[in-house]
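# Fold and contact review
Listed below, chain by chain, are the residues.
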Amino acid sequence: MDTKSLRSRYEELVVEVNQHNYRYHTLDAPIISDAEYDKLLNELKRIEADHPDWIAPDSPTQRAGAKAADRFEKVRHPAPILSLANAFGADDARAWYERVRKLDERVASAKFVVEPKIDGLSVVLHYRDGVFVQGATRGDGEVGEDITANLRTVKTIPLKIPVTSKQSSVVSVPKYLVVRGEAFIPVKEFEKLNEQLAEAGEKTYLNPRNTAAGSLRQLDPSLTASRPLTLLVYQIVYSEGGEVPTSQWELLQYLKALGFPVTDVAKRFDDIESAITYTETWNKRRDELAYEADGMVIKIDDLNLAAELGFVGKDPRGATAFKFPAREVTTKLLDIRVTVGRTGVLIPNAVLEPVEINGVIVERATLHNFDYIAEKDIRVGDRVLVKRAGEVIPYVIGPVVDVRTGKEKKYKPPQVCPVCEQPVEHFEGEVAWYCVNAACPAQLQRNIEHFVSRGSMDINGLGFKIVEKLIDTGAIKDVADIYTLTRESILEAVTKKDRKTEKEPPGKIADNLLSAIAESKSQPLPRLITALGIRGVGEVSARDLASHFGNLDALSKANADDLQEIEGVGPNIAEAIVDWFKRPANQKILKKLKAIGLWPVSNVGAKGLSPEGKLTGLTFVVTGTLPTFSRDGVKEFIESNGGKVTDSVSKKTDYLVLGENPGSKFEKAKSLGVKILDEAGLKKLAGV
Ligand code: IVH
């Protein structure tokens, strides 16, 4: 190839590779394979190696630049980079509207554009003759920092606009164009990044915003390149030598046509009320956005009108930020307290200076486990970032290291249980620490709570306070002692507790409790196995264990291999079961239970002996409330007639037993064509 045609081939390649980049990163719609892309890029690189003087500033190879000096140069923005005034709620937004309408009557007939307010970092991008020449941070709004080399590494920032040749024929680009957008890290990418860092044993980041900000202010662009940064563009800050739209709505379409990434959530409305309604729907749907949004921006569509309205300080009157309720706040970590869970697991909890998050006062938050505290270097006295979102229990994200005074105290996990003061243990492969003392009052308390709960032995009347007293007085030392309680020991505990909250006389309480305890003795084997509180053994595995082994004698002799024969019992659960039965304290419990005659034999029978019934070989799923059967009652009915009950609907399900107010299982069953029965139908099928 002669030099001239090689040069034109090179120029062609620059355009082509940039277009594929755009399709891949911005549109998410590649038209060639990775291998084909690599081939083109390699060809381009080879030419550049032979002709370094040809290298174009918008060549895809120019994304990774050289390390900057020890600081960033300053850049004066061609026009002020403004901020936004906040509105909290619909009334605030209406008040903004009224204010501007009074200033200018044209506002009354104005249209509004609503866009997500991305919680990222404002960046300003300069294009000369369509080529990306400079990028800056917002700084103080007048002067920012030159982070061009870093921004070049962001794959969704076009190095040349319009990006595709198709676009070139329909949109024209001003000779000098300065746009503004918000750079950020998508939530999923952020989580992935933190997982990778944690795996590599490195410090994880607090939130996407801080990470994005930190990544863009790196002096080494190769570090920025390794961060999953992207951006959305929403404003033209300045233009010279060409026309640009004067409506915000058209401007977004225009920026998109040039090849910039632009939000697809934006909408235009004819009146303020519909704009507010749209904003509010996104408040509820904010988790559907790929990025963190701290609100929506309502903008007057007519940009000339908006500009004429002027500013208040740095806030333009022509737009307002409709803020979503905060989910993250900072507060002081006053103390770390450790509680003991049922399995003996030690759980560190943060005691916080009370703070409001989204209408709720938060004083406690979880710290997950001791590794988490160490990994995040969370110290008592730190200002910490706390998050409360949706149904999740509030948790501490991490410390705000920059405001440390030096008085914060590093935290050392306890070496003994905070309740019984026995040494704590750590199992290989687990992050948690455990109190393994079966007689630990804290554990005992939780064990009993679990033993008497609805899905277990279902003993009404053994509430937290009574149990606490019964442990205190020494009447209960393990769960089996529930069955040796006397009227006197109960009366002693009842009179000792806070009488004011009791409506019934102590004698009545004691009698009721004794009869509830007596009644529980006829609970079937699966209930008793659940009640024992073996780590990992819930109601479903308890049922399987009961039908496989038939009684506690057989179960207690099973080794890990026997146990793993059961579907759903993996090596961890098997080991936990073997371990539970090995412990002397638990053997003592079993002995006591046997002595009092609490030794149910499964009505289903040991493996191979399951009763032949009309339902043998059939698998059932139950959903909704049935007229006479309880949840457990229906399971027992099906099993005692030879059938099997599972939790979720699959192609293997033979029947769905349907009650009132069914859950999603109903839809699933219908979509899979599973046969549906009501309670009467089930009884008929079983032949009763
Ligand atoms: S418009 C005149 N639109 O929010 C233009 N800002 O709290 C004023 N932001 O400094 C900004 N998404 O960094 C605008 N769709 C969006 C935005 C947005 C995020 C940021 C921006 C601004 C801050 C104001």
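The structure reproduced in this document is the subject of the present report.

Calculation rules
- Residues numbered from 1 in each chain as written.
- Predicted model: local features only at pLDDT ≥ 70, side-chain atom pairs only at ≥ 80, totals over all residues.
- Heavy atoms only, no water.
- Near = heavy atom within 4 Å.
- Polar contact = N/O pair within 3.5 Å; in protein donor to acceptor, adjacent residues only side chain to side chain.
- 1 Å grid on protein atoms, 1.4 Å probe; cavity = no way out; pocket = protein on both sides within 12 Å on 5 of 7 lines; lining within 4 Å.
- Sits in = over half its atoms within 2 Å of the grid points.
- Helix = DSSP H or I, 4+ residues; strand = E, 2+ residues; numbered from the N terminus.
- Buried < 20%, exposed > 50% of the residue type's maximum accessible area, 1.4 Å probe, protein only.
- Pairing = 2+ DSSP bridges.
- Right-handed = clockwise from strand over helix to strand, strands pointing away.
- Salt bridge = Lys/Arg side-chain N within 4 Å of Asp/Glu carboxyl O.
- Points joined across faces, edges and corners; volume = space filled by probe spheres on them.
- Nonpolar A, V, L, I, M, F, W, Y, C, P; charged D, E, K, R; others polar.
- Axes fitted to C-alpha atoms, helices over the stretch in contact; angles between N-to-C directions.
- Contact = heavy atoms within 4.5 Å.
- Parallel < 35°, antiparallel > 145°, perpendicular 65-115°, else oblique.
- Left-handed = near helix turned anticlockwise from the far one by under 90°.

Among the 15 residues in the neighbourhood of the ligand, the closest are listed as Glu-115, Lys-117, Ser-122, Arg-180 and Glu-182. Taking Glu-115, its side chain carries an N or O atom lying 2.8 Å from a nitrogen atom of the ligand. Glu-182 has a polar side-chain atom sitting 2.9 Å from an oxygen atom of the ligand. Using a 2 Å cut-off from the grid points, one finds that the ligand occupies the second largest pocket. Among the elements that make up the shell around the ligand, the one with the highest residue count is strand β3 (residues 112–118) (4 residues).

Take the pairing of strand β21 (residues 619–623) next. Most of β21 sits inside the fold, with 5 of its 5 residues counted as buried. Across the two faces of β21 the burial is the same, with Thr-619, Val-621 and Thr-623 and Phe-620 and Val-622 all buried. By the bridge criterion, 2 bridges tie β21 to strand β22 (residues 644–645) in an arrangement that is parallel. Considered in β22, the bridge of Thr-619 is made with Lys-644. This β-α-β element, β21 to helix α23 (residues 631–640) to β22, shows right-handed connectivity.

The strand order across the open sheet built from 5 strands is β2-β13-β10-β3-β9, with neighbouring strands paired in mixed fashion. Edge positions in the sheet fall to β2 (86–87) and β9 (267–269), since each of these pairs with one other strand and no more. Summarising the sheet, β3 and strand β10 (residues 293–300) pair through 7 bridges and their orientation is antiparallel. Directly across from Lys-117, in β10, lies its bridge partner Gly-295.

In total, this model carries 34 salt bridges according to the counting rule given. Note that Arg-94 and Asp-91 form a salt bridge whose closest N and O atoms lie 2.9 Å from each other. Of this pair, Arg-94 and Asp-91 both sit in helix α3 (residues 90–103), 3 residues apart, which is roughly one turn of that helix. When its relative accessible area of 30% is taken as the criterion, Arg-94 is described as partly exposed. With relative accessibility at 58%, the residue Asp-91 sits in the exposed group. Because the salt bridges share partners, they merge into one network encompassing Asp-377, Arg-379, Asp-382, Arg-404 and Lys-410.

Moving on, we get to empty space enclosed by the protein. Per the counting criterion, the structure on display carries 2 cavities of 30 Å³ or more. Considered as a void within the structure, the largest cavity measures approximately 100 Å³ in volume. For the largest cavity, the full set of lining residues is Gly-455, Pro-524, Pro-526, Arg-527, Thr-530, Glu-539, Arg-543, Asp-632, Lys-635 and Glu-636. Counting only elements with at least two residues in the lining of the largest cavity, the list comes to α17 (525–531), α18 (539–549) and α23. In terms of residue class, the lining of the largest cavity is built from 2 nonpolar, 2 polar and 6 charged.

For the rest of this paragraph, the subject is the layout of surface pockets. The rolling of a water-molecule-sized probe over the atoms marks out the regions of remaining empty space. Taken as a whole, the second largest pocket encloses approximately 1200 Å³ of empty space. Lining the second largest pocket are 47 residues; nearest its centre among them are Leu-82, Arg-180, Tyr-234, Gln-235 and Pro-316. Those elements that place two or more of their residues in the lining of the second largest pocket are β3, β4 (121–128), β6 (143–145), β7 (176–184), β8 (230–240), α9 (248–258), β10 and α11 (303–309). Broken down by element, the residue count for the lining of the second largest pocket peaks at 6 residues, all from β8. Split into classes, the residues belonging to the lining of the second largest pocket amount to 23 nonpolar, 13 polar and 11 charged.

So, on to the pairing of strand β14 (residues 328–340). Of the pairings in the sheet, the one linking β14 to strand β17 (residues 383–387) comprises 5 bridges and is antiparallel in character. Following the sheet pairing, Glu-328 is matched in β17 by Lys-387. Here β14 runs beside strand β15 (residues 346–357); their pairing, made up of 7 bridges, is antiparallel. Its bridge partner lying in β15, Leu-333 is registered against Leu-352.

For the rest of this paragraph, the subject is the sheet that holds β4. Here we have 4 strands laid out as an open sheet, ordered β5-β4-β7-β8, and antiparallel in their pairing. Edge strands, defined here as strands with exactly one partner in the open sheet, are β5 (131–137) and β8. Recorded for the sheet is a direction-independent mean angle of 25 degrees between the axes of neighbouring strands. In the sheet, β4 pairs with β7 via 8 bridges, with the strands oriented antiparallel. What sits directly across from Tyr-127, in β7, is Leu-177.

Among the structural elements, Thr-137 can be located in strand β5. Thr-137 gets classed as buried once you look at its relative accessible area, which sits at 8%. A distance of 2.9 Å separates a polar atom in the side chain of Thr-137 from the backbone nitrogen of Glu-145. When neighbours within four sequence positions are excluded, Thr-137 is seen to be in contact with His-77, Ser-122, Gly-144, Glu-145 and Ile-147.

In this section: the packing of helix α21 (residues 571–582) against helix α22 (residues 584–595). Axis separation between α21 and α22 bottoms out at 5 Å; the angle between their running directions is 75 degrees. Judged by the angle between their axes, α21 and α22 are roughly perpendicular. The segment α21 lies against α22, with Trp-580, Phe-581 and Lys-582 engaging Pro-584, Asn-586, Gln-587 and Leu-590.

A word on the packing of helix α1 (residues 3–25) against helix α2 (residues 34–50). The contact between α1 and α2 brings their axes to 10 Å, and the two run at 145 degrees. Crossing angle aside, the handedness with which α1 passes α2 is left-handed. Contacts from Leu-6, Arg-9, Tyr-10, Leu-13, Val-14, Glu-16, Val-17, His-20, Asn-21 and Tyr-24 in α1 reach Asp-34, Tyr-37, Leu-40, Leu-41, Glu-43, Leu-44, Ile-47 and Glu-48 in α2. Its residues assigned to classes, the contact of α1 with α2 shows 11 nonpolar, 2 polar and 5 charged.

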